[in-house]
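Structure at a glance
If you want the building blocks of each chain, they are given just below.
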Amino acid sequence: MSRGRTLAPRAAAAAALLALGAAAALLKARSYDLWWHLETGEQIVAARAVPGVDDFSFTSAGTPWIDHAWLFQVILYCAHLAGPAGLTLLKGLCVLGVAVAGFGWLARRGASFSLALSVTAVAVVGLRPRVGERPETVTLLMAALLTCLLLDLAARPGTPLARLAIITLVTIVWVNLHGGALLAPVISAAVA
């Protein structure tokens with residue numbers, strides 16, 4: 001098979017996955033917590049520290065607070081520096097990451113191009129209502145990455161150390177992005 005004939009399906013897959021990611025990300029900002037997340041991200045960047053007390057709520061102002069989504073808030077704030085396009089790009093990258101992880105795993109397991117693309121498209125359409133300016137959007141990406149890594153480890157268990165290190169790193173990052181990281185042991189148990 002010529003090199004051009006092998007690149008054509010990859011280019012088509014890349015274009016289709018980019019289109020899916022863009023379509024899923026082109027949603028109006030509808031998160032009521034958007035401004036709170038942005039303000040917290042700005043405070044973290046300015047102070048170079050995660051706030052330890054609640055200063056947003058008038059009913060509990062000054063009480064101890066554990067900000068479990070601090071890393072997401074920093075990322076969201078940095079994306080917002082580019083304006084609304086930055087928020088859309090962030091959402092698009094998360095969806096694209098989910099699509100690439102799923103499509104790549106299916107393709108590596110021998111699924112045909114059309115089957116892998118169809119399953120990925122259905123998955124993106126299914127997750128679209130959950131895509132927003134909330135930490136949950138990053139959880140979708142982290143859950144997909146962790147699942148693909150664990151499935152790959154289960155399929156090829158030989159020499160697992162490097163993959164276990166990556167799985168650990170993904171989980172540590174996820175814990176600082178969103179409380180949805182509590183899904184990590186559930187996903188691990190399901191794959192095991």
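See the structure above.
Per chain, the residues get numbers from 1 upward, laid out in the order the sequence is written. With the structure being a predicted model, the display of local features is reserved for residues of pLDDT at least 70 and the display and counting of side-chain atom pairs for 80 or more, all residues being used for whole-chain, interface and lining totals. Values reported for side chains reflect all heavy atoms of the structure, with hydrogen atoms and water molecules removed beforehand.

**Describing the overall build of the protein chain**
- Helix and strand content of the protein chain: eight helices and zero strands.
- Note on conventions: DSSP H or I runs of at least 4 residues are helices, E runs of at least 2 residues are strands, and numbering of each starts at the N terminus. The secondary structure elements of the protein chain, listed N-terminal to C-terminal, are α-α-α-α-α-α-α-α.
- Across its three principal directions, the C-alpha atoms of the protein chain cover 65 × 35 × 25 Å.
- Here the term buried applies to any residue with accessible area under 20% of the maximum for its type, exposed to any over 50%, and partly exposed to those in between, with areas from a 1.4 Å probe on protein chains only. When burial is assessed residue by residue, the protein chain has 38% of its 192 residues classed as buried.

**Things to note about the environment of Ala23**
- Relative to the assigned elements, Ala23 resides in helix α1 (residues 3–25).
- You can call Ala23 partly exposed: its relative accessible area is 41%.
- Distance from Ala23 to Thr139, taken between C-alpha atoms, is 19 Å for residues 116 residues apart in sequence.

**Observations concerning the packing of aromatic side chains**
- Note on aromatic pairs: the rings of Phe, Tyr and Trp (six-membered ring only in Trp) are paired at centre separations within 6.5 Å, and the planes decide the class, stacked below 30 degrees, edge-to-face beyond 60, tilted for the rest. Tallying each qualifying case throughout the model produces four aromatic pairs.
- Seen from their ring centres, Trp36 and Phe56 are 6.3 Å apart, and the 80° between their planes marks the pair as edge-to-face. Of this pair, Trp36 sits in helix α2 (residues 34–47) while Phe56 sits in the loop between α2 and α3 (70–80); the two residues are 20 residues apart in sequence, bridging distant segments of the chain.
- Residues Phe56 and Trp65 carry aromatic rings whose centres are separated by 6.4 Å and whose planes lie at 90° to one another, so their mutual orientation is edge-to-face.
- Owing to a relative accessible area of 33%, Phe56 belongs among the partly exposed residues under this scheme.
- Through pairs of rings, three or more aromatic residues link up here, namely Trp36, Phe56 and Trp65.

**Concerning the pattern of salt bridges**
- Salt bridges, as used here, are contacts in which a Lys or Arg side-chain nitrogen is within 4 Å of a carboxyl oxygen on Asp or Glu. For the coordinates displayed, the defined rule picks out five salt bridges.
- Between Asp33 and Arg134 there is a salt bridge; the shortest N-O distance is 2.8 Å. Placement of Asp33 in the loop between α1 and α2 and of Arg134 in the loop between α5 (113–127) and α6 (135–155) is noted, with a sequence separation of 101 residues between them.
- By relative accessible area, Arg134 is classed as partly exposed at 34%.
- Where Asp152 meets Arg156, a salt bridge forms, and the shortest distance between an N and an O atom there is 2.7 Å.
- With relative accessibility at 10%, the residue Asp152 sits in the buried group.
- Owing to a relative accessible area of 44%, Arg156 belongs among the partly exposed residues under this scheme.

**A closer look at the environment of Arg156**
- Tracing the chain through its elements places Arg156 in the loop between α6 and α7 (161–177).
- Between the C-alpha atoms of Arg156 and Trp174, which are 18 residues apart in sequence, the distance is 24 Å.
- Here a polar contact is recorded for every N or O atom pair within 3.5 Å, except that within protein the pair must consist of a potential hydrogen donor and a potential acceptor, and residues adjacent in sequence are included only if both atoms are side-chain atoms. Engagement of the side chain of Arg156 in a polar contact is seen with the side chain of Asp152, the distance being 2.7 Å.

**Notes on α7**
- For α7, with 17 residues, the first-to-last C-alpha span of 24 Å sits near the 24 Å given by 1.5 Å per residue.
- All of the buried residues in α7 are Arg163, Ile167, Val170, Trp174 and Leu177. Buried residues of α7, viewed axially, fall in a sector of 85°; they line one side. Across α7 from its buried face, at more than 90 degrees, point the exposed residues Leu161, Ala162, Leu169 and Ile172.
- By the convention used here, residues are in contact when the closest approach between their heavy atoms is within 4.5 Å. Contact partners of the buried residues in α7: α3, α6 and α8 (183–191). Under the convention used throughout, the expected extent of a helix is 1.5 Å for every residue step, that is, one less than its residue count. Each direction from the helix axis to a C-beta atom contributes to the arc, which is the arc of those directions.

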